[in-house]
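Listed below are the residues making up each chain.
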Amino acid sequence: MSVRNSLVAAAALTLVALGTAHADGLRPIQAKSIDLGEVSGVAYYTVEQDGFHVVTTLAQGKNGTPIRVVSVLSPGQSVVLSTSQQRRGLEISRAGNEVLVRRAAAVTN
């Protein structure tokens, strides 16, 4: 089984086990599908002493090499995921003790 197939299988199992994300936020360890056009994957977070650790795993297409990005968010902080092919990205933000996932405003360099 390829790394990409393993990633997809693990993501699918996680989504089935944990359910879908609430419109108003994400719960700890709850997987959320990420779709950035040709790049897709999953994101989830854990609560740690130094902040909320947001783990995002993405790959391009079926054969792309998966990459994992870990962002540590304190209240009021956010991370934006985007590609050069899409005008808008995806913002993962922390508001107090809640993590929100939403489409970001137009991304510029």
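Here, every reference points to the structure presented above.
Everything quoted here is computed from the prediction, not taken from an experiment.

S.K.: Any details on the overall build of the protein? Residues and values, ideally.
M.R.: A count of helical and extended segments in the protein gives one helix and seven strands. Along its sequence from the N terminus, the protein presents helices and strands in the succession α-β-β-β-β-β-β-β. The burial tally for the protein puts 35% of its 109 residues in the buried class. Sequence-distant contacts, at least 24 apart, represent 26% of the contacts inside the protein between residues at least 6 apart. For the protein, the accessible surface area stands at approximately 6800 Å², while carbon and sulfur atoms represent 53% of it.

S.K.: I'd like to hear about the packing of aromatic side chains, residue by residue, with values.
M.R.: Evaluated as defined, the whole model comprises one aromatic pair. With centroids separated by 5.1 Å and ring planes inclined at 15 degrees, the aromatic side chains of Tyr45 and Phe52 adopt a geometry described as stacked. Phe52 carries the same exposure label as Tyr45, and that label is buried.

S.K.: Can you tell me about the sheet that holds strand β1 (residues 32-36), naming the residues and giving the values?
M.R.: With antiparallel pairing, four strands are arranged side by side in an open sheet as β1-β2-β3-β4. The sheet is open, and its two edges are formed by β1 and β4 (67-73), each paired on a single side. With direction set aside, neighbouring strand axes in the sheet form an average angle of 25 degrees.

S.K.: A description of the environment of Ser71 should follow, citing residues and the corresponding values.
M.R.: Along the chain, Ser71 turns up in strand β4. On the basis of relative accessible area, Ser71 is assigned to the buried category, the value being 15%. The spatial distance from the C-alpha of Ser71 to the C-alpha of Gly51 is 9.4 Å, given a sequence separation of 20 residues. Filtering out sequence-adjacent residues up to four positions away, Ser71 remains in contact with Phe52, His53, Val54 and Val79.

S.K.: Could you give an account of the nonpolar core, naming the residues involved and the relevant values?
M.R.: If you look at the biggest cluster of nonpolar residues, it comprises 15 residues, and the most contacted ones within it are Ile34, Leu36, Tyr45, Val54, Leu81, Ile92 and Val99. Counting only elements with at least two residues in this core, the list comes to β1, β2 (39-48), β3 (51-60), β5 (78-81) and β6 (88-95). With sequence-adjacent residues up to four places away left out, Leu81 is seen in contact with Ile34, Leu36, Thr56, Gly89, Leu90 and Ile92.

Definitions and limits used
Residues numbered from 1 in each chain as written. Predicted model: local features only at pLDDT ≥ 70, side-chain atom pairs only at ≥ 80, totals over all residues. Heavy atoms only, no water. Helix = DSSP H or I, 4+ residues; strand = E, 2+ residues; numbered from the N terminus. Buried < 20%, exposed > 50% of the residue type's maximum accessible area, 1.4 Å probe, protein only. Contact = heavy atoms within 4.5 Å. Areas by Shrake-Rupley, 256 points an atom, 1.4 Å probe, with all protein chains shown as cover. Phe/Tyr/Trp six-rings, centres within 6.5 Å; stacked < 30°, edge-to-face > 60°. Pairing = 2+ DSSP bridges. Axes fitted to C-alpha atoms, helices over the stretch in contact; angles between N-to-C directions. Core = buried A, V, L, I, M, F, W, Y, C linked by side-chain atoms within 4.5 Å.

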